[in-house]
Amino acid sequence: MIHFQNVSKDYNNHHALTDVTFKIVPKEFVSIVGRSGAGKSTIVKLLIGEDKPTKGRVIFGHYDVGKLKSRELPRLRRHIGTVFQDFKLLPSKNVYENIAFALEVASRPEHEIYDYVMEVLDLVDLRGKVKNFMNELSGGEKQRVAIARAMVNRPDVIVADEPTGNLDPVNTMGIISLLTKINELGTTVILATHNKDIVNQLGRRVLVVEDGRLVRDEENGRYSV
Amino acid sequence: MATTLYRVIKHGFQNFWRQRLLSVATLLVILLALLVFEGLMIFNTVSNKAFDTIQDKIDVSVYFKTTAPEDDILRIKQSLEGLSEVKSVDYISRDKALDTFKAAHANDQTISQAIQQLGENPLEASLNVKAKNPSQYSVIASYLQNDSLKDLVDKVSYQQNQVVIERLAKIVNIGRQGGLALTAIFAFLAILVAFNTILLAIYSNREEVEVMRLVGASDMFIRGPYIVEGVIYGVISAVLSLAITAPLVYFVSPYLRVFIPGMDLISYFTSNIFKILGYQLLFGTIIGVVSSLIAIRRYLKT
């Protein structure tokens, strides 16, 4: 479903990624690990079309992501749920509206939006905070809102870029078990992280990136440097 | 499509309300711009009226010899009216001049007796010429001093008043041009300030724009609410600026009439109120919408 073919990405003569090739099949749970600056975020950006590869191709389903015009990106992004370290929520909207926004932009009817949003709110256990604004939530709650928004569209894949980077250990475990649950429900999950404990505990497929190169790709991988 | 439009409008109002502080600040700046704009409109009307009043007081009179036949005078009047520089020509016949003279001196025994003893009308017939533009009096005067009219024309009043007329003409011209320049400068400043304010307001929202893009919102879906907000700014500030100016106009109008006779600001204001409101709405919304569009463009491009 996702295929990086000999992908390289340069930023002003700095090689962020060099000749990276891998495939991810539906329903997989893949961790991309590596130190800060190794190229994890670059992979995520290329996947969601934020950046275009300097060389190689990024295939997502039937999209050739690198060749999409900016007008066509919204369509791609409705198939991908994204979760970021800094949450990227809308501060002037409440919990319900933040999640509903992902459906509104996809022109879903109002009653369907309500049902879907309530369903994911149950899943992330935030039904009691429907009307709260972002500044009234804790970090863990914010990230759960972000995950709820990422999955409310029923995307094919959820990409989480350092989702636990700003969270304490308890909330970190909560978020990871949430991602695992989502994966068990049938959604592909890609998790970029530098948290060793999480990766070792998951025991799933691990891609290790170092200095922009993919150095290891193991089933049931462990994170060792 | 209809649901998208509904959502865009809803988000526009929601943003406006939830970012009240920012909205009010932006609104005030646009309101100021509109007040300047409206002030300029009124200023131009008043100054034009003032210049018209001054201009109306300037004219050139040509006096004909008492021997000049009336038919010839009327012919000259007609040819004057044919000139593109001429606004109006008044014919004052010898009899009429005498009547006016008598009326003016009705209480003066010696003068009325002197006229009676004279037995004939000593006054000359004249034409009162007004130009469309005060700088054109010299053209008209030189036309009247033409050699072919020498036998009929006694004197043209232009020579005596030339200096005053030319000076007045200059003042009126400079005044009008200055008014236009002032209007242009102030309107430009007002637009610039309003535009920058909206730019900053959207700048403070740039992260939200980025988030919306990541969630898969189309450009129109992101831009739409800002356009709606721009329209809200325009409409509210247009109505407010009219509400602020109305009492001012009522207060100032009587004083203004002392300086410029015949200037009725209240009736100008009331009879043009829809035109003024229309301009304000147009101006306010254009500032709001166009600057939103330009500002948001920056954040939609990657």
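Along each chain, residues carry numbers from 1 onward, in the same order as the chain's sequence is written. Written order determines the labels here, with chains lettered from A and ligands numbered from 1. Residue-level local features of this predicted model are given only where pLDDT is at least 70; pairs of side-chain atoms are given and counted only at 80 or more, and the full residue set underlies all totals for whole chains, interfaces and linings. Think of the side-chain values as coming from all heavy atoms in the structure, minus any hydrogens and water.

## Some thoughts on the overall build of chain A
Where helices and strands are cited, they refer to DSSP runs of H or I of at least four residues and of E of at least two residues respectively, numbered from the N terminus. Helix and strand content of chain A: seven helices and ten strands. A compact globule built from 225 residues would reach a C-alpha radius of gyration of about 17 Å, and chain A, at 17 Å, matches this within 12%. Looking at chain A residue by residue over its 225 residues, the buried ones come to 55%. For chain A, contacts bridging at least 24 residues in sequence account for 67% of all contacts bridging at least 6. Only the protein chains shown count as cover for residues, and the accessible areas themselves come from Shrake-Rupley with a 1.4 Å probe. When the accessible surface of chain A is summed, it comes to about 10000 Å², and 47% of that surface belongs to carbon and sulfur atoms. When charges are tallied, Lys and Arg are placed among the positive residues and Asp and Glu among the negative ones, while His and the ends of the chain are skipped. One atom stands in for each charge, and that atom is NZ of Lys, CZ of Arg, CG of Asp or CD of Glu. Charged side chains of chain A number 32 positive and 29 negative; the gap between the two group centres comes to 4 Å. Here the radius of gyration uses the C-alpha set of atoms, whereas the globule reference equals 2.2 Å times the residue count to the power 0.38. Between buried and exposed lies partly exposed: a residue is buried under 20% and exposed over 50% of the maximum accessible area for its type, with that area taken using a 1.4 Å probe on protein chains only. Contacts are assigned to residue pairs with any non-hydrogen atoms lying within 4.5 Å of each other.

## What to know about the packing of helix H3 (residues 70-81) of chain B against helix H6 (residues 137-144) of chain B
Residue and element names in this part refer to chain B. Fitting a line to C-alpha atoms yields each axis, with helices limited to the stretch in contact; the angle taken between N-to-C directions then spans 0 to 180 degrees. Across the interface, H3 lies against H6 with an axial gap of 12 Å and an inter-helix angle of 145 degrees. Between H3 and H6 the crossing geometry is right-handed. Across from Ile76, Ser79 and Leu80 in H3, the residues of H6 making contact are Ile140, Tyr143 and Leu144. Partitioned by chemical class, the residues of the contact of H3 with H6 number five nonpolar, one polar and no charged. In this scheme the handedness of a crossing depends on how the near helix is turned from the far one: anticlockwise by less than a right angle means left-handed, clockwise means right-handed. Ten residue types, Ala, Val, Leu, Ile, Met, Phe, Trp, Tyr, Cys and Pro, are classed as nonpolar, four, Asp, Glu, Lys and Arg, as charged, and the remainder, Gly among them, as polar.

## What to know about the interface of chain B and chain A
Contact residues are listed per partner, giving 20 residues for chain B and 27 residues for chain A. Interface area, chain B with chain A, both sides summed: about 2100 Å², of which 51% is carbon and sulfur. By convention in these notes, a salt bridge is any Lys or Arg side-chain nitrogen within 4 Å of a carboxyl oxygen on Asp or Glu. Counting the contacts that link chain B with chain A gives five salt bridges. The partner of Glu104(A) in a salt bridge is Lys10(B), and the shortest N-O contact between them spans 3.2 Å. Looking at the side of chain B that touches chain A, the element that brings in the most residues is helix H1 (residues 2-18) of chain B, giving eight residues. Buried area adds together the accessible area that both of two parts lose upon being put together, with accessible area traced by a 1.4 Å probe.

## Things to note about the confidence of the model for chain B
All names here are of chain B. On average, residues of chain B score 86 in pLDDT, and 99% of them reach the 70 mark or higher. Between the elements of chain B, mean pLDDT differs from a low of 80, seen in helix H5 (residues 109-118), to a high of 92, seen in H1. Confidence metrics for the complex model read pTM 0.77 and ipTM 0.86. Confidence of the prediction at every residue is given by pLDDT, a number between 0 and 100.

## Some points on unusual backbone geometry
Residue and element names in this part refer to chain A. In the Ramachandran plot, asparagine 13 falls in the positive-phi region, its phi being about 70 degrees despite a non-glycine side chain. If you trace the backbone, asparagine 13 turns up in the loop between strand E1 (2-11) and strand E2 (14-24). Of the residues examined, asparagine 13 reaches a relative accessible area of 73% and is grouped as exposed. For aspartate 125, which is not glycine, the phi torsion reads 60 degrees and is therefore positive.

## Observations concerning the pairing of E2(A)
In regular strands, side chains alternate between the two faces of the sheet. All names here are of chain A. A pair of strands is considered paired only if DSSP assigns at least 2 bridges between the two. Note that E1 and E2 share seven bridges and pair antiparallel. For tyrosine 11, the partnering residue across the bridge sits in E2 and is histidine 14. The hairpin turn running from E1 into E2, its antiparallel successor, is two residues long, and asparagine 12 in that turn takes a positive phi close to 45 degrees.

## With respect to the packing of helix H3 (residues 95-104) of chain A against helix H4 (residues 110-123) of chain A
The packing of two helices is summarised by the inter-axis angle and the distance between the axes. All names here are of chain A. For the pair H3 and H4, interaxial distance at closest approach is 9 Å and the crossing angle is 125 degrees. As judged from the angle between their axes, H3 and H4 are oblique. For the pair H3 and H4, the sense of crossing is right-handed. Only Glu110, Ile113, Tyr114, Tyr116, Val117, Met118, Val120 and Leu121 of H4 make contact with H3, whose side of the interface consists of Val95, Tyr96, Ile99, Ala100, Leu103 and Glu104. For the contact of H3 with H4, the per-class residue count stands at twelve nonpolar, no polar and two charged. Throughout this description, any angle smaller than 35 degrees is read as roughly parallel, any larger than 145 degrees as roughly antiparallel, any in the 65 to 115 degree range as roughly perpendicular, and the remainder as oblique.

## Here we look at the nonpolar core
Residue and element names in this part refer to chain A. What makes a nonpolar core is a set of buried Ala, Val, Leu, Ile, Met, Phe, Trp, Tyr and Cys residues whose side-chain atoms join them at distances within 4.5 Å. Formed by 86 residues in total, the largest nonpolar core has its most connected members in Ile99, Val117 and Leu179. In contact with valine 117, not counting residues within four places along its chain, are Tyr96, Ile99, Ala100, Leu103 and Val152. Judged by nonpolar contacts, the second largest core, of 31 residues, contains Phe22, Leu46, Leu47 and Val157.

## A few points about a nonpolar patch on the surface
All names here are of chain B. Exposure above 30% relative accessible area and the lack of any salt bridge qualify a residue for a patch; like charges then connect within 9 Å, and the nonpolar side chains Val, Leu, Ile, Met, Phe, Trp and Tyr within 5 Å. A surface patch of nonpolar side chains, amounting to about 700 Å² of accessible area, comprises Val36, Phe43, Leu182, Ile185, Phe186, Phe188, Leu189 and Leu192. Sort the elements by how many residues they give to the nonpolar patch and helix H7 (residues 158-203) lands first, with six residues. You can see leucine 189 is positioned in helix H7. The exposure class of leucine 189 is partly exposed, given its relative accessible area of 43%.

## Here's the deal with the packing of aromatic side chains
To pair, rings of Phe, Tyr and Trp, with the six-membered ring standing in for Trp, must have centres within 6.5 Å; the planes then decide the type, stacked if under 30 degrees apart, edge-to-face if over 60, and tilted in the middle. Tallying each qualifying case throughout the model produces seven aromatic pairs over all chains. Considering the side-chain rings of Tyr203(B) and Tyr299(B), the 6.4 Å spacing of their centres and the 50 degrees angle between planes classify their relative orientation as tilted. Of the two residues, Tyr203(B) sits in helix H7 while Tyr299(B) sits in helix H11 (residues 273-300), which places them 96 residues apart along the sequence. With relative accessibility at 18%, the residue Tyr299(B) sits in the buried group. A positively charged side chain is recorded as over a ring if its NZ (Lys) or CZ (Arg) lies within 6 Å of the ring centre. The angle to the ring normal must also be within 35 degrees. In this arrangement the basic side chain of Arg154(A) is found over the ring face of Tyr116(A), its NZ or CZ atom lying 3.9 Å from the centre. The ring of Trp17(B) is capped by Arg20(B), whose NZ or CZ atom sits 4.5 Å from the centre of that ring.

## With respect to the sheet that holds strand E4 (residues 55-60) of chain A
Residue and element names in this part refer to chain A. If you walk across this open sheet you meet the four strands as E2-E1-E4-E5, and the pairing is antiparallel. Of all the strands in the sheet, the pair left with one neighbour each is E2 and strand E5 (63-64). Note that E1 and E4 share five bridges and pair antiparallel. Counted as the bridge partner of glutamine 5 is arginine 57 from E4. On top of the sheet, helix H1 (residues 40-47) reaches E1, E2 and E4; it is set at about 115 degrees to E1, its chief contact.

## A word on helix H6 (residues 169-184) of chain A
Residues and elements named next belong to chain A. Each helix should span, by expectation, one fewer than its residue count multiplied by 1.5 Å. In this model, H6 (16 residues) spans 22 Å end to end at C-alpha, consistent with the 22 Å of a helix rising 1.5 Å per residue. Of the residues making up H6, those classed as buried are Thr172, Ile175, Ile176, Leu178, Leu179, Thr180, Ile182 and Asn183. Where H6 starts, the residue carrying a side-chain oxygen 3.1 Å from the main-chain nitrogen of valine 170 turns out to be aspartate 168. Looking one or two residues past H6, glycine 186 carries a phi angle of roughly 115 degrees, positive in sign. By the criterion applied in these results, polar contacts are pairs of N or O atoms within 3.5 Å in which, for protein atoms, one can donate a hydrogen and the other can accept it, and in which residues neighboring in sequence qualify only through two side-chain atoms.

## A look at the pattern of salt bridges
Going through the model one piece at a time under the given rule, you end up with 20 salt bridges over all chains. Arg205(A) serves as the salt-bridge partner of Asp217(A), at 2.9 Å between the closest nitrogen and oxygen. Of the two residues, Asp217(A) sits in strand E10 (residues 213-218) while Arg205(A) sits in strand E9 (residues 205-210), which places them twelve residues apart along the sequence. Overall, the relative accessible area of 8% leaves Arg205(A) in the buried class. When the shortest N-O distance is used, the salt bridge between Asp72(B) and Arg75(B) registers 2.7 Å. One end of the pair is Asp72(B) and the other is Arg75(B), both in helix H3 and three residues apart, which spans about a single turn. Connected via shared salt-bridge partners are Glu28(A), Arg205(A) and Asp217(A).

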